[in-house]
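Coordinates in review
What follows is the residue order along each chain.
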Amino acid sequence: MHQKKKLKYDEKDPKSIYEYAKKLIGQSLRDTTSAPDLHKDSHAKTVKGKFGQYLEKYYFEFENNSESRPDFEKIGLELKSNPLKKLRDGKIVAKERIILNIIDYVKIIEEDWEGSHFLSKNQFILFVMYLYEKDKNFLDFLIKYVQSWKIEGKDREIIKQDWEKIVKKIKDGKAHELSEGDTFYLGACRKGWKEGLRKQPNSNIGAPQRAFSFKQKYVNAILTRIKDAEVAIKDISEIEEEGFEGSILNKFNPFKRLEVKEIEEKLNIKLNLKSKNYYATLARRMLGVSKKKIVEFEKADVTMKIIRLRHNELPKESMSFPYFKYKDVAMQDWEESEFHSQLEKKFFLVIYKMNKDETKVRFQKAFFWNIPYEDLQEAKKVWIETKKRINDKNSENLPKKSENKVSHVRPHAKDKSDTDETPYEGEKIKKGFWLNNTYLKEQIDKNGY
DNA sequence: GCATGATCATGC
DNA sequence: GCATGATCATGC
């Protein structure tokens, strides 16, 4: 009897599968597997479908691939790889529709949507999207996106209606009349010709074989959503067990006290240290997110902020907020002000700490934070004083850090010429509200561990 | 070393 | 082209 191979991931654990799958991003099959290059001399187009097969066989090491059950059977997750292409203007789009399961005309008329074979196989998909290039060997195609996907929400309703429309046509004995134009997201596209025509129920006319597919436009819609948003929490069980806050915070545990270089190594990534968003990017990567937006934070309107502490525990910088329009402040009430609404939000603070000569930086802790009520009142004082001075034609002299323990006003502009009009004193350099670094220190000391 | 002024880098 | 988050520079 042959020995079952030990997999590099836990096939019962979605998290483990994602983590393993995500390592594909930015790499090719040649980089990530020891797949034999049997097609050295042939162009990619002659090996259609090979990418998916190789991905399953050499990366995920599937034992055997059952046609009708999801690939990661134990958790009902289907693996789908699909090609992207680059347009002349550089934009990346889906190269083609995504083919799903073949439609069994005879069996499908007995199914209902919720119990359908289609849904059981495709409602939970792990997409591996790679960049197809005409003259490249498929082993060298660059993998751009790896993301799980559920048929849910509005999409699910539309897909359900599409599915029902297709099934109704088959029930009516019109399988031979099916067309992709019948539906919106889910199409019934032709697949294969050599098989000849298939039998259909309720009619003697043979019908060409068809498969369900996500239409190209719909694949692009999926792609767009994958591009600008990614989830940190991969599985509902995490939230159930640890709570929302806990499941986010736990993601940082493995990195506590590590130096940034060590974190990069641990994550097997290489970031540009010189980039100004280096620490923010690193924080997102610790959360398992490689894109700019974090879905959970977007939905909950959580603002992530990075703070670097000096050796003496004092934040190197105060925290900036967007510049204000002098006239807005002059006219508005505190309650309707921008600064007020910004401070009402929940923050997610990621704290790094530098060594004495500031050559090394370690991740220290991360925590959710919102401003305590008393401190919001302090910020209110600063805002009201700012309003007063602008209206008193004294907008050169706005509240300094020494005037309030929580907040102050400072320039926030591109350069001296980047100005905004004051009510009475003409153009002045753009300014914004800041939270004092000394105040932040106090809050950091109180929160997290 | 700190407070404040000034500006950079990125992404939309 | 500009807003935004972040960081640098200067002067006391």
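For the structure, see preceding data.
Note that the structure is a prediction, hence the values are computed from the model and not measured. (Residues numbered from 1 in each chain as written. Chains lettered and ligands numbered in written order. Predicted model: local features only at pLDDT ≥ 70, side-chain atom pairs only at ≥ 80, totals over all residues. Heavy atoms only, no water.)

Quick notes on the overall build of chain A
To keep it simple, the criterion reads: Only DSSP runs of H or I with at least four residues qualify as helices, and only runs of E with at least two residues qualify as strands; both kinds are numbered from the N terminus onward. Exposure categories follow from relative accessible area, calculated using a 1.4 Å probe and restricted to protein chains: below 20% of the type maximum is buried, above 50% is exposed, and the middle band is partly exposed. Whether two residues are in contact is decided by their heavy atoms, any of which lying within 4.5 Å being enough. The Shrake-Rupley method, run with a 1.4 Å probe sphere, supplies the accessible areas, and residue values consider only the shown protein chains as cover.
Along its length, chain A carries 15 helices and 17 strands. Counting across all 449 residues of chain A, residues that qualify as buried make up 47%. The contacts of chain A with a sequence gap of at least 6 include a subset with a gap of at least 24, amounting to 68%. Within the structure as shown, chain A displays about 24100 Å² of accessible surface, and the carbon and sulfur contribution to it stands at 48%.

Regarding the pairing of strand E13 (residues 361-369)
Rules: Only when DSSP finds a minimum of two bridges between them are two strands counted as paired.
Within E13, eight of the nine residues are buried, leaving the element largely enclosed by the surrounding structure. Sheet topology note: the strand E12 (residues 346-354)/E13 ladder contains eight bridges and is antiparallel. Looking at the pairing, Tyr352 lines up with Phe363 of E13. Here E12 folds back onto E13, and the loop between the two strands holds six residues, one of which, Glu358, carries a positive phi near 60°.

Some points on a negative patch on the surface
The test is simple: Note that patches include only residues with greater than 30% relative accessible area and no salt bridge, and the join distances are 9 Å for like charges and 5 Å for nonpolar side chains (Val, Leu, Ile, Met, Phe, Trp, Tyr). Salt bridges are defined as contacts in which a side-chain nitrogen from Lys or Arg sits within 4 Å of a carboxyl oxygen from Asp or Glu. The charge count treats Lys and Arg as positive and Asp and Glu as negative. His and the chain ends do not count. Here the site of a charge means atom NZ of a Lys, CZ of an Arg, CG of an Asp or CD of a Glu.
A grouping of Asp328, Asp333, Glu335, Glu336, Glu338 and Glu344 is seen on the molecular surface, where their side chains present a negatively charged patch. Within the element layout of this structure, Asp333 appears in the loop between helix H12 (326-331) and helix H13 (338-343). Residue class for Asp333 comes out partly exposed when judged on its relative accessible area of 46%.

Some thoughts on the sheet that holds strand E10 (residues 302-309)
Stated formally: Axis definition: a line fitted to C-alpha atoms, over the contacting stretch in the case of helices. Angles run 0 to 180 degrees between N-to-C directions.
With respect to topology, three strands assemble into an open sheet ordered E10-E12-E13, the strand pairing being mixed. The sheet terminates laterally at E10 and E13, the two strands that pair on one side only. Across the sheet, the mean angle separating the axes of adjacent strands is 20° when strand polarity is ignored. Packing of helix H8 (residues 236-250) onto the sheet brings it into contact with E12 and E13, and relative to E13 it is tilted by some 175°. In this fold helix H10 (residues 278-286) packs onto E10, E12 and E13, with an angle of close to 120° to the strand it touches most, E10.

What to know about the protein's contact with DNA strand B
The condition is simple: Near is defined per residue: the residue qualifies when any heavy atom it owns lies within 4 Å of the molecule or strand. As used in this structure description, the phrase polar contact means that two N or O atoms lie within 3.5 Å; if the pair is within protein, one of them must be able to donate a hydrogen and the other to accept it, and residues adjacent in sequence are counted only when both atoms belong to side chains.
Contacts to DNA strand B come from 16 residues, most closely from Lys276, Lys400, Lys401, Arg410 and Ala413. Within 4 Å of the protein, the contacting atoms of DNA strand B are 61% sugar and phosphate, with bases supplying the remainder. A distance of 3.4 Å is found between a sugar or linking oxygen of DNA strand B and a side-chain nitrogen or oxygen belonging to Asn277. Backbone polar atom of Lys416 to a phosphate oxygen of DNA strand B: 3.0 Å apart, as the coordinates give it.

Looking at the pattern of salt bridges
This structure, assessed with the given rule, holds 26 salt bridges. Two residues, Lys270 and Glu264, come together in a salt bridge whose shortest N-O distance is 3.9 Å. The exposure class of Glu264 is buried, given its relative accessible area of 2%. Among the ionic pairs, Glu403 bridges to Arg389, the shortest N-O distance being 2.6 Å. Of the two residues, Glu403 is situated in the loop between helix H14 (373-391) and strand E14 (407-411) and Arg389 in helix H14; the sequence distance between them amounts to 14 residues. What makes Glu403 partly exposed here is its relative accessible area of 40%. Ionic contacts of the salt-bridge type, sharing partners, join the residues Arg30, Asp37 and Asp140 into one network.

Examining the nonpolar core
Test applied: As used here, the term nonpolar core means buried Ala, Val, Leu, Ile, Met, Phe, Trp, Tyr and Cys residues forming a set that is joined through side-chain atoms within 4.5 Å.
With 36 residues, the main nonpolar core has Phe118, Phe127, Ile170, Phe212 and Phe214 as its most contacted residues. When near neighbours in sequence (up to four residues on either side) are disregarded, Ile170 contacts Ile103, Tyr105, Ile108, Ile109, Ala175, Leu178, Gln200 and Pro201. Listed in part, the 30 residues of the second largest apolar core include Met319, Tyr326, Phe347 and Ile390.

Focus on the environment of Gln216
By secondary structure assignment, the location of Gln216 is in helix H7 (residues 216-228). Spatially, the C-alpha atom of Gln216 lies 9.8 Å from that of Leu186, the residues being 30 residues apart in sequence. Apart from residues no more than four positions distant in its own chain, Gln216 is found in contact with Ala94, Lys95, Glu96 and Arg97. Here Lys95 takes part through its backbone oxygen, which lies 3.3 Å from a polar atom of the side chain of Gln216.

These results come straight from atomic positions and should not be treated as a statement about function.
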